[in-house]
Amino acid sequence: MLPHSPSHHRLLQKVAFAGCSIHMDRNREADLLAKAKGGDVSGFEEALAPYLPALVAYGRAICGDHHAAEDVVQEAVLIAYRNLDHFFPETDFGAWLRAIVRRKALEMRRTLGRVRLGFEESFERVFEDPGPDAVAPWRNALTECLKQLDGRAGEVVRGYYFEGRGLAEIAAIVKTSLVGTKQLLYRTRVILRNCLRKRIGMEGVS
Amino acid sequence: MKPRSCQEVLTLLSDLLAGAIAAEDIETVEIHVAKCDSCRPLAEDFFWQHRALAEVAAHLEAAEFRSRLHALLAKEARHPATAQVAAPFVSSGRKDSSQVRPSRRWARSVIAAAGLFVVFATLWWAVTSREASNPVLAVVESADGEVHVLAGGKRLVCRVGTALGSGQGIVTSAQGGAVTLKYVDGSRLELAAGGEIAELSEGGAGESRGKLVTLSKGSLRAVVVQQAADRPMIVSTLHADARVVGTTFRIAVSVGEEASTRLEVMEGKVRLRRLLGGQSVDVLAGHYAVVASGIEMSPKPLARWSLVQGYGWSVAYDPVSESYRFSGVNSRGVFGGAALKLMEVWNPSKGPFELSYQFDVREPQPQFGIHAAFQRASESEGVLDQSLQVQVFAGGLQVVSGREQVMGTATFQQPPPGIPATVKIRIDGERIRVEINGKLGWAGLHGHGLEGSSPMKLRLIVGDVAGARAAECTLRKLTVVSSSR
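Residues numbered from 1 in each chain as written. Chains lettered and ligands numbered in written order. Predicted model: local features only at pLDDT ≥ 70, side-chain atom pairs only at ≥ 80, totals over all residues. Heavy atoms only, no water.

### Describing the overall build of chain B
Condition: Each helix corresponds to a stretch of at least 4 residues labelled H or I by DSSP, and each strand to a stretch of at least 2 residues labelled E; elements are numbered beginning at the N terminus. Per-residue accessibility, obtained with a 1.4 Å probe over protein chains only, is compared with the maximum for each type, and a residue is labelled buried under 20%, exposed over 50%, and partly exposed between these values. The contact definition used throughout considers only heavy atoms, calling two residues in contact when any of these lie within 4.5 Å. For the accessible areas, the method is Shrake-Rupley and the probe is 1.4 Å, while residue cover comes only from the protein chains on display.
When helices and strands are counted, chain B shows 5 helices and 32 strands. Counting every position in chain B, which comprises 485 residues, the buried fraction comes to 55%. Look at the contacts in chain B between residues 6 or more apart in sequence, and 56% of them connect residues 24 or more apart. Taken as a whole, chain B presents about 20200 Å² of accessible surface, with 52% of it coming from carbon and sulfur.

Laid out in structure tokens, this is it:
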């Protein structure tokens with residue numbers, strides 16, 4: 001539903017050209033997967049490793065729960081491993097993993113009895129590339145921007161994203177109401193967004 | 001549909017990303033954002049930011065997560081599933097029949113016991129009703145995950161209360177199975193996931209006289225009450241015999257190319273005898289010994305307070321006192337390090353569920369403590385919801401329902417550092433009771449999804465809820481007891 005962000009991709013290109021890419025070489029990945037098909041588990045693990053954070057994040061975006069997302073990814077990884085013989089070398093490994101995670105995460109979301117996800121196209125586009133390069137510039141800038149968050153703004157982001165807490169629990173910690181916590185989270189998102197825009201030198205800061 | 005301002009809509013979008021939006025508001029937000037040129041760029045940045053934050057959080061836990069996956073994949077490689085499971089581009093279309101359950105239950109070996117009364121009653125019944133030719137040696141006190149009794153070359157269903165006689169054994173699934181056996185004298189054997197006791201027997205003659213436990217593989221923790229000197233408990237492995245007359249120890253058998261038996265002694269003394277060659281050593285409390293090809297069998301001190309995991313916070317484990325010690329630096333600016341999952345256990349029994357532990361905090365701080373999250377769960381479908389959280393801090397406690405409402409709070413007098421506070425949390429049907437130092441802290445009805453008929457899953461997290469201060473905490477005597485109705 002949301003339009004593509006050309007400025008974001010310009011930034012990614014800039015960072016990739018600057019030599020910051022940590023994505024595994026496709027040939028190397030293919031070698032590892034070939035070894036994995038021959039029974040080398042470590043090859044599978046090495047090929048898998050760069051995608052794990054994004055897969056957990058993707059699972060979390062769908063499930064709405066970090067711990068459930070780890071369960072989902074764990075299950076998806078086992079499914080992928082068991083079906084490695086059915087994985088075609090010309091297929092994108094990350095996309096294949098993402099597809100398995102998506103299916104299992106949607107199952108988990110139904111199991112958790114959550115309301116419909118909403119904005120599915122937006123989620124899909126944002127997580128289209130599960131490789132580590134996709135948010136590399138955001139990740140680096142985030143580290144700095146997060147350090148600048150203090151007081152309750154820091155606590156609400158830390159509590160929700162890094163400790164997996166619910167908003168009501170965070171409300172009790174920061175001694176405010178649930179509504180107040182939701183507003184605080186929104187404001188913190190805006191602060192972070194402005195900081196990120198500034199740090200990564202993008203236009204259109206509002 | 002009520003018109004909303006841009007700020008209201010973006011606040012709702014923030015709620016949606018936090019999984020806290022009402023179903024009726026989703027469409028409102030979708031329509032508004034699709035039509036509004038000023039909201040769209042901010043909304044898109046929110047989505048990217050959401051991914052980046054979640055990914056950074058996942059990245060911080062990546063080492064721990066990869067280590068769990070490594071263990072899971074290694075087991076899978078050794079024992080591949082027979083059934084293919086559905087995956088994209090696979091034409092079989094079969095459902096995942098394995099229902100892999102979370103493997104973060106690495107601390108499941110702390111599961112201690114089902115209800116004593118039930119066990120003793122079962123044991124008494126079993127002892128008095130079975131044929132004298134095959135008396136009951138032990139009963140299953142708790143069983144978690146996939147556990148089978150080995151009897152006459154068959155695998156039988158194992159339940160709490162199942163009696164094991166001479167010649168029978170027990171096996172736990174590599175994917176999260178765990179079982180505790182209790183002898184009539186009160187001695188306990190806790191077999192961790194992926195373990196196999198080939199058989200139990202009792203009697204024998206000469207050096208084999210006593211309780212014989214044949215451990216084929218896996219890790220076994222034993223708490224053995226005082227035995228008659230001439231009738232010890234003998235744990236026999238492929239490589240060695242461990243003879244005990246009353247102690248606590250853990251023994252693990254590795255198979256494969258680097259086959260070995262490792263013995264760790266927490267209390268008392270265990271005599272370890274190598275099968276090949278017959279050499280013996282006495283392994284004292286706080287020591288371990290390894291029997292393996294090409295390794296001298298000499299007791300060595302157990303590494304105490306060894307660092308086992310942590311990010312921002314360090315976690316040390318002492319195998320002698322079986323305690324966990326947590327310490328952390330100022331976590332301000334070190335995001336994601338403020339809390340650490342300690343354990344995760346599954347209660348399949350559907351009965352009362354009790355967690356108890358001791359903890360003490362150096363330089364007590366109001367917000368530092370233990371956070372227990374109980375979740376209603378289905379063995380076949382996984383966790384259904386986050387139903388109840390009990391947070392016990394150095395300065396008080398808080399009970400939070402799954403609907404994210406604070407249901408109760410209480411304060412208590414934190415003992416001075418070095419003197420632990422004892423916490424007991426009991427959930428029985430819809431009733432919850434929290435005791436601290438033997439006194440009632442809070443009790444009530446939670447009524448939020450933890451019906452008595454539902455199995456539960458427990459996650460234990462240690463950390464600083466406020467995440468702002470340095471702290472050090474020691475956790476001891478951690479037990480989880482579940483019992484069937």
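### As for the overall build of chain A
Helix and strand content of chain A: 11 helices and 0 strands. Across chain A, helices and strands are ordered from the amino to the carboxyl terminus as α-α-α-α-α-α-α-α-α-α-α. The buried share of chain A, taken over its 206 residues, is 61%. In chain A, the proportion of contacts linking residues at least 24 apart, taken out of those at least 6 apart, comes to 67%. Of the roughly 8200 Å² that chain A leaves accessible, carbon and sulfur atoms contribute 53%.

### A short note on the pattern of salt bridges
Side-chain pairs of opposite charge can arise where the charged atoms are in close proximity. For clarity, the cut-off: For this document, the term salt bridge refers to a Lys or Arg side-chain nitrogen within 4 Å of an Asp or Glu carboxyl oxygen.
A full pass over the atoms with the stated rule returns 28 salt bridges over all chains. Of the charged contacts in the structure, one is a salt bridge between R193 of chain A and D45 of chain B, with a shortest N-O distance of 2.8 Å. With one member in each of two chains, R193 of chain A in helix α11 (residues 178–199) and D45 of chain B in helix α3 (residues 39–60) form a pair that bridges those chains. Under the relative-accessibility criterion, R193 of chain A is labelled buried at 3%. Judged by its relative accessible area of 3%, D45 of chain B is buried.

### Description of the pairing of strand β14 (residues 260–267) of chain B
Residue and element names in this part refer to chain B. Rule in force here: At least two DSSP bridges between two strands are required for those strands to pair.
Burial analysis of β14 places 6 of its 8 residues in the buried class, which makes it a mostly covered element. Strand direction decides the pairing type here: strand β13 (residues 247–254) and β14, joined by 7 bridges, are antiparallel. By the bridge assignment, T248 is partnered in β14 with E267. Of the strand pairs in this sheet, β14 and strand β17 (residues 287–292) are connected by 6 bridges, and their pairing is antiparallel. Bridged to T261 within β17 is V291.

### Considerations on helix α1 (residues 6–17) of chain B
Here is the rule: In this scheme, a helix's expected span is set at 1.5 Å multiplied by one less than its residue total.
Between the first and last C-alpha of α1 of chain B there are 16 Å, a value that for 12 residues agrees with the 16 Å anticipated at 1.5 Å per step. Along α1 of chain B, 9 of the 12 residues are buried, which leaves the element largely enclosed by surrounding structure. Listed in full, the buried residues belonging to α1 of chain B are V9, L10, T11, L12, L13, S14, D15, L16 and L17 of chain B. Looking at the buried side of α1 of chain B, the elements it contacts are α7 (120–126), α9 (151–162) and α11 of chain A together with α2 (23–35) and α3 of chain B. Directly after α1 of chain B, the chain includes G19 of chain B, whose backbone phi takes a positive value near 65°.

### Quick notes on the state of the cysteines
Going by this rule: When two cysteine sulfur atoms lie within 2.5 Å, the pair is treated as a disulfide.
Tallying each qualifying case throughout the model produces 1 disulfide over all chains. The disulfide bridge from C145 of chain A ends at C195 of chain A, spanning 2.1 Å between sulfur atoms. An S-S torsion of about -90° defines the bridge between C145 of chain A and C195 of chain A as left-handed. Placement of the pair is C145 of chain A in helix α8 (residues 136–148) and C195 of chain A in helix α11, with a sequence separation of 50 residues. Given the relative accessible area of 2%, C145 of chain A is considered buried. Between C36 of chain B, a free cysteine, and C39 of chain B, which holds the nearest cysteine sulfur, the sulfur-to-sulfur gap is 3.5 Å.

### Re the pairing of strand β3 (residues 147–151) of chain B
Residues and elements named next belong to chain B. The element β3 is largely enclosed, with a buried count of 4 among its 5 residues. The pairing of β3 with strand β6 (residues 169–172) spans 4 bridges and is antiparallel. From the neighbouring strand, V147 faces β6, where its bridge partner is T172. The pairing of β3 with strand β4 (residues 154–157) spans 4 bridges and is antiparallel. Looking at the pairing, A151 lines up with K154 of β4.

### Comments concerning the nonpolar core
The criterion, for reference: The definition of a nonpolar core used throughout is a set of buried Ala, Val, Leu, Ile, Met, Phe, Trp, Tyr and Cys residues joined through side-chain atoms within 4.5 Å.
Within the largest apolar cluster, 94 residues are counted, with the highest numbers of intra-cluster contacts made by F44, F93, F123, V157 and F162 of chain A together with L13 of chain B. Per-element accounting of this core gives the leading share, 13 residues, to α3 of chain B. Excluding its chain neighbours within four sequence positions, the residues that come into contact with V157 of chain A are L146, L149, F162, T188 and L192 of chain A together with L53 of chain B. If you look at the next biggest cluster of nonpolar residues, it comprises 39 residues, including L137, V147, L191 and I251 of chain B.

### Section: the confidence of the model for chain B
Low pLDDT marks regions whose predicted coordinates should not be analysed in detail. Residue and element names in this part refer to chain B. Let me state the cut-off plainly: The predictor reports its confidence for every residue as pLDDT, a score running from 0 up to 100.
For chain B, the average pLDDT comes to 71, and 63% of its residues sit at 70 or higher. Contacts of residues 82–133 to residues separated by more than four positions or lying in other chains number 129 contacts, the stretch itself having pLDDT below 50. The low-confidence segment residues 308–312 (pLDDT under 50) makes 15 contacts with residues lying over four places distant or belonging to another chain. What the predictor reports for the complex is a pTM of 0.43 with an ipTM of 0.85.

### A closer look at unusual backbone geometry
At F119 of chain A, a residue that is not glycine, the phi angle is positive and equals roughly 50°. Inspection of the secondary structure puts F119 of chain A in the loop between α6 (93–112) and α7. The phi torsion at N437 of chain B lies on the positive side, around 50°, for a residue other than glycine. For N437 of chain B, the position within the fold is in the loop between β29 (431–436) and β30 (439–445). Judged by relative accessible area, which is 36%, N437 of chain B ranks as partly exposed.

### Considering the packing of α11 of chain A against α3 of chain B
We apply this condition: Axes, fitted as lines to C-alpha atoms, cover a helix only where it is in contact. Angles between the N-to-C directions of the axes lie from 0 to 180 degrees. An angle below 35 degrees is treated as roughly parallel, one above 145 as roughly antiparallel, one from 65 to 115 as roughly perpendicular, and anything else as oblique. Asp, Glu, Lys and Arg are counted as charged, while Ala, Val, Leu, Ile, Met, Phe, Trp, Tyr, Cys and Pro are counted as nonpolar; the rest, among them Gly, fall into the polar class.
In contact at an axis separation of 10 Å, α11 of chain A and α3 of chain B are set at 90° when each is read in the N-to-C sense. By the criterion of interaxial angle, the relationship of α11 of chain A to α3 of chain B is roughly perpendicular. Of the residues in α3 of chain B, those in contact with Y186, R189, V190, L192, R193, L196 and R197 of chain A of α11 of chain A are P41, L42, D45, F46, Q49, H50 and L53 of chain B. For the contact of α11 of chain A with α3 of chain B, the residue count by class is 8 nonpolar, 2 polar and 4 charged.

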